[in-house]
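Residue-level structural notes
The chain contents come next:
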Amino acid sequence: MVAYLGRRLVDLVVTLWGISTILFVVLRLSGDPVALMVTETTTPEQIAEIRHLLGFDEPLWKQYIRFLGQAVTGDFGQSLRYFKPAATVVLETLPATLQLTALALGLSAAVSLPLGVLAAVRRDSWLDGLIGLFTVVGQAIPFYWLGIIFILVFAVWLRVLPSGGSGGVAHLVLPAATLATYSAARLTQLVRAGTAEVLYEDYIRTARAKGLHELVVLARHALPNALIPVITVLGMEFGILAGGAVITETIFAWPGMGRLVVQGVIGRDYPVVQAAVFFVAAFVVLCNLLADLICSWVDPRVRAR
Amino acid sequence: MLTRRDFLRLSGLGLAAVAVGCAGQQPAAPSGQPARGGRLTIGIGSIPPSMDPHVDSTANSLPCYAQLFEKLVAADEKGNIVPVLAESWRSVSETVWEFKLRSGVKFHNGQELTAEDVKFSIERVLDPKTTSPWRGRVDRISRVEAVDSLTVRVETSGPFSPLLQGLSVVDIIPARYFQDVGPQGFATAPVGTGPFVFKEWVRQERLVVTANGSYWRGRPALDEVVFRAIPADASRIVALEAGDVDVALLIPPDQVDRLRSRGFQIRSVNLGQGLVVNLRQTPGTPLASRQVRQALNYAVDKNMILEKLLLGYGRVLDGQVVGPDCFGYNPDLKPYPYDPARARALLAEAGYGGGFEVTFHGTVGRYTKDKEIEEAVIGQLAEVGVKANLQILEAGVFIQSFLGATIGPMFIWAWQYLPAMDADLPLNFFRSDSVAKLMAQPRFDELIDRERRAFDTEARRRILQEANAYLRDDPPCIFLVQTPGVYAVKPTVDGFSWQPTYLFDLTKVTVRQG
């Protein structure tokens, strides 16, 4: 187990290094940040001066070495737009996005587990059909459309929830529900497929033959085996949700990291984009690691691989 | 002695006055007085990334900063320079200006405004380390001197008459306070002289300001103003419908009917920016020919763009890049009429009867309805045989190729003259030494040189008008429209008016209960 963990941690470091390097190169290929910091009346000499002040006139390899050296100490440089350390800016908005994605993930797990199992047990019934419809529609609806419909229904017509912004838990409900719909639909399909497959296994037949109650068969024998792929997917789902948060945060004016990154890319705020992607990547990798650890604990076969 | 006749006459007058009073102000009639106090919430696309007014020039940030900070002078909605913190000014010589500051103006922290604060603010914008986007507007300033506590002298390197326009974008901040708290401290607790005092700023979310009780022009009627950052157009509209905001700025024209039917007041302002398709005149290419550029102006139906794409909001440009709200606007100029036959004839005369191909750099989402307008223009150019190949550029690349003079040669562009509202700013880009290298015509350069040496306001206006006439005749672009700022206001809000400068004065705004 320790060796397994050690191997995974090395993977983690290599992944993060790879991501930062790719990001560093891609961002610098994408354009000049200084052109976006000035108004059109700025002279070429003034632009050159700013570029020099920010160190963007140095050769790329020099910038890269400096970037790596600072990144290992958690320093991503000064944001070009917010005039504060980029890591600080990102860590200030990270909680808002984590709240949103965590709630969305929780919601989608809470919905998909019972629905998936129900659909598998009542296979080919009208209930299965209905749940199947949800899984298709839920994945087909774009975030931005669903978000606006939610706002119209709950904020404009019923007036029970705020239309956007941040504040209390009430502000989280609509964006989290919007974000959760897609992954809930995806996970329901997965849970249904996993459970349906397991239900035909020999050990289930044995359990039934022993005269166990159907609920006990499901809870003790079917679910733990059906859940393994679901846990892995839940770990990866975080990354997908963080990506979806970009759109959801824009619609609901939620002050999270997704919007920060979009603004950062538009304004070529390299330090902020680098810091944000680094933290998200680290988080996704950690979530995957966690999911794998849970799997290997649930299923000894994983460890052996 | 009061006679019976006098009594009757006076009471008659009194009754009439009451009657007139009632008829005049219908909504406020029950209470008589407009409501004092209350809070106004404004839904805007973005709020400033930092509360340091010297480091950001985003259009949406301008009205936010304007509630907290003031400048020496400002441009009104006709482009006239009016006094703000400077009470008066005069040019001592061609390169020296002297400003007399208003006395008794206090910063929000109680400190009195002095010449040192003005000197500090201007010098901070000029300092390359500040990386202020406004630096280019005032970089002709070579020296600022505080003569006494209320007198400032500004020296320029060479005669530069549009100095006031440059100073109309420099916010004055308190020198001592800034030095005490540093740039980061200032950005989190900004202090100015404006009508509202800073209360709270939450990144990407909201800016809250409260009334300045000791504002030198008098306390605003409102107690509090909230700017809420709502980036998506659709979300700004539903926030208005849900009652979360009182005003929603930049409503897409096609959403207007829906909001009007729900009782919101819909208004539109022609913002201080002229949308055009620039035609870079590289020698040896078709666009170097004046006849070709005239032909392209005849080929495009500006009224169709205004009516069909902007649904009548905005205004067709009068054959010049600025509108009537701008200093230097020429009232004698008319738009090029839509005349495809004339266009074809001119093209033939120039030797391009068979048409030609050209690259057209466009944007999506940078300007109101930009993609639709680009496609309409390209369709109409095709009618006269000119094949423009549309390439959409991302915002950063777009600006970079403009500054690097690699853009186009045909490209969409809004010549922004807000908030200074002066034609010198856009016209200066058509000089041969400008960064974008749009054209090289010594006669035009001379006009701008002369304008920048003209210290008499009317003389300067005439030269700018002459420069506009020059460009109407020898067009450097296809003149399209002045873009609209459509906005919706709750019926209970009085006195809110968005200006062509992109700013709004909130001191007279009131909100009724209901």
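Residues numbered from 1 in each chain as written. Chains lettered and ligands numbered in written order. Predicted model: local features only at pLDDT ≥ 70, side-chain atom pairs only at ≥ 80, totals over all residues. Heavy atoms only, no water.

Considering the overall build of chain A
We count it as follows: Note on conventions: DSSP H or I runs of at least 4 residues are helices, E runs of at least 2 residues are strands, and numbering of each starts at the N terminus. Between buried and exposed lies partly exposed: a residue is buried under 20% and exposed over 50% of the maximum accessible area for its type, with that area taken using a 1.4 Å probe on protein chains only. Computed by Shrake-Rupley with a 1.4 Å probe, the accessible areas treat only the displayed protein chains as cover when residues are assessed.
A tally of helices and strands in chain A yields 12 helices and 0 strands. When the helices and strands of chain A are read in sequence order from the N terminus, they spell out α-α-α-α-α-α-α-α-α-α-α-α. Each principal axis of the C-alpha atoms in chain A carries an extent, and together these give about 85 × 55 × 30 Å. Scored against the burial criterion, the 305 residues of chain A give a buried share of 46%. Entry remark: accessible area of chain A is about 14,600 Å², with carbon and sulfur atoms responsible for 71%.

A short note on the side chain of Glu237(A)
Residues and elements named next belong to chain A. The line we're drawing: Counted as a polar contact is a pair of N or O atoms within 3.5 Å, where, for protein atoms, one must be capable of donating a hydrogen and the other of accepting one, and residues adjacent in sequence contribute only when both atoms are in side chains. Contact criterion: two residues are considered in contact whenever any of their non-hydrogen atoms come within 4.5 Å of each other.
Checked against the element boundaries, Glu237 lands in helix H9 (residues 214–251). Exposure remark for Glu237: the relative accessible area of 0% places this residue in the buried category. A polar side-chain atom of Glu237 sits 3.0 Å from a polar atom in the side chain of Arg186. Apart from residues lying up to four places away in sequence, Glu237 is in contact with Leu105, Ser183 and Arg186.

Let's talk about unusual backbone geometry
Pro409(B) follows Gly408(B) through a cis peptide bond whose omega is 20°. Inspection of the secondary structure assignment puts Pro409(B) in the loop between helix H13 (395–403) and strand S16 (410–416). Here the residue pair Leu418(B) and Pro419(B) is connected by a cis peptide bond, since its omega of -5° sits within 30 degrees of zero. Relative to the helices and strands, Pro419(B) is located in the loop between S16 and helix H14 (424–427). The backbone of Phe83(A) sits at a positive phi, close to 55°, despite the residue not being glycine. Locating Phe83(A) in the fold gives a position in the loop between helix H3 (60–71) and helix H4 (86–121). Of note, Ala253(A) is a non-glycine position whose phi angle comes to about 45°, a positive value.

What about the side chain of Ser168(B)?
Along the polypeptide, Ser168(B) turns up in the loop between helix H5 (163–167) and helix H6 (175–188). Apart from residues lying up to four places away in sequence, Ser168(B) is in contact with Lys71(B), Val73(B), Ala74(B), Ala75(B) and Ala420(B).

Regarding the environment of Leu113(B)
All names here are of chain B. Along the polypeptide, Leu113 turns up in the loop between strand S5 (96–101) and helix H3 (115–126). Taking the relative accessible area as the measure of exposure, Leu113 reaches 2% and is therefore buried. As a C-alpha pair, Leu113 and Gly45 span 68 residues in sequence and 33 Å in three-dimensional space. With residues near it in sequence (within four places) discarded, Leu113 still touches Leu85, Leu101, Arg102, Val105, Phe107, Leu150 and Ile172.

Notes on H3(B)
Given 3.6 residues per turn, any residue in an α-helix points the same way as the ones three and four places further on. Residue and element names in this part refer to chain B. The condition is simple: Helix span, as expected, comes to 1.5 Å for every residue beyond the first.
Here H3 contains 12 residues, and its C-alpha end-to-end distance of 17 Å stays within 8% of the 16 Å for a straight helix at 1.5 Å per residue. Of all the positions in H3, only Ala115, Asp117, Val118, Phe120, Ser121, Ile122, Arg124, Val125 and Leu126 are classed as buried. Looking at the buried side of H3, the elements it contacts are S5, helix H4 (135–138), strand S6 (141–148), strand S7 (151–156), H5 and H6.

Here we look at the pattern of salt bridges
Stated precisely, the cut-off is as follows: When a carboxyl oxygen of Asp or Glu is within 4 Å of a side-chain nitrogen of Lys or Arg, the pair counts as a salt bridge.
For the structure shown, the criterion picks out 42 salt bridges over all chains. With a shortest N-O distance of 3.0 Å, Arg203(B) and Glu92(A) are connected by a salt bridge. Taken as a pair, Arg203(B) in the loop between strand S8 (196–202) and strand S9 (206–211) and Glu92(A) in helix H4 lie in two separate chains rather than in one. Here Arg203(B) falls in the buried class, since its relative accessible area comes to 7%. Here Glu375(B) and Lys371(B) are joined by a salt bridge, their closest N and O atoms 3.2 Å apart. In this pair, Glu375(B) and Lys371(B) are both assigned in helix H12 (residues 370–383), 4 residues apart and thus about one turn of the helix distant.

Section: the domain arrangement of chain B
All names here are of chain B. Worth spelling out the cut-off: Residue ranges assigned to the domains are those given by an automatic or database domain assignment. Summed over both partners, the accessible surface that disappears when two parts come together, traced with a 1.4 Å probe, is what is meant by buried area.
One can read the domain layout of chain B as domain 1 (1–15 + 35–229) and domain 2 (271–483). One C-alpha centre belongs to domain 1, the other to domain 2; they are set 33 Å apart. Counting residues at the interface gives 20 residues for domain 1 and 18 residues for domain 2. For the pair domain 1 and domain 2, the summed buried surface comes to about 1,500 Å²; carbon and sulfur atoms form 58% of the total. Looking at the side of domain 1 facing domain 2, the largest losses of area belong to Arg137, Ser161 and Gln165, adding up to 30% of the total buried there. One can count 0 salt bridges joining domain 1 with domain 2.

Some words on a nonpolar patch on the surface
All names here are of chain A. Put simply, the rule reads: Patches in this entry comprise residues that are over 30% relatively accessible and not in a salt bridge; like charges within 9 Å are linked, as are nonpolar side chains (Val, Leu, Ile, Met, Phe, Trp, Tyr) within 5 Å.
Among the surface-exposed residues, Trp126, Leu130, Leu133, Val136 and Val137 lie close enough to one another that they form a single nonpolar patch of about 560 Å² accessible area. Note on placement: Leu133 falls in helix H5 (residues 126–140). Taking relative accessible area as the criterion, Leu133 reaches 53% and is therefore assigned exposed.

Section: the packing of H3(B) against H6(B)
Residues and elements named next belong to chain B. What counts, and what does not: To obtain an axis, a line is fitted to C-alpha atoms, over the contacting stretch when the element is a helix, and the angle between two such axes runs from 0 to 180 degrees between their N-to-C directions. These descriptions rest on fixed angle ranges, namely under 35 degrees for roughly parallel, over 145 for roughly antiparallel, 65 to 115 for roughly perpendicular, and the rest for oblique. Three classes are used: nonpolar for Ala, Val, Leu, Ile, Met, Phe, Trp, Tyr, Cys and Pro, charged for Asp, Glu, Lys and Arg, and polar for all others, with Gly counted as polar.
Taken N-terminus to C-terminus, the directions of H3 and H6 make an angle of 45°; their axes are 8 Å apart at the nearest point. Taken together, the axes of H3 and H6 lie oblique to each other. In this structure, H3 contributes Glu116, Asp117, Phe120 and Arg124 to the contact, and H6 contributes Ala175, Arg176, Phe178, Gln179 and Pro183. The residue inventory of the contact of H3 with H6, partitioned by class, reads 4 nonpolar, 1 polar and 4 charged.

Here's the deal with the interface of chain A and chain B
Residue-level contacts link 47 residues of chain A with 43 residues of chain B. Roughly 3,800 Å² of surface becomes buried between chain A and chain B when both sides are summed, with 57% attributable to carbon and sulfur atoms. In terms of surface lost to chain B, no three residues of chain A exceed Glu40(A), Thr41(A) and Phe83(A), which account for 16% of the buried area on that side. Where chain A touches chain B, the interface holds 3 salt bridges. Linking chain A with chain B are 14 residue pairs in polar contact (both at pLDDT 80 or more), by the criterion used here.

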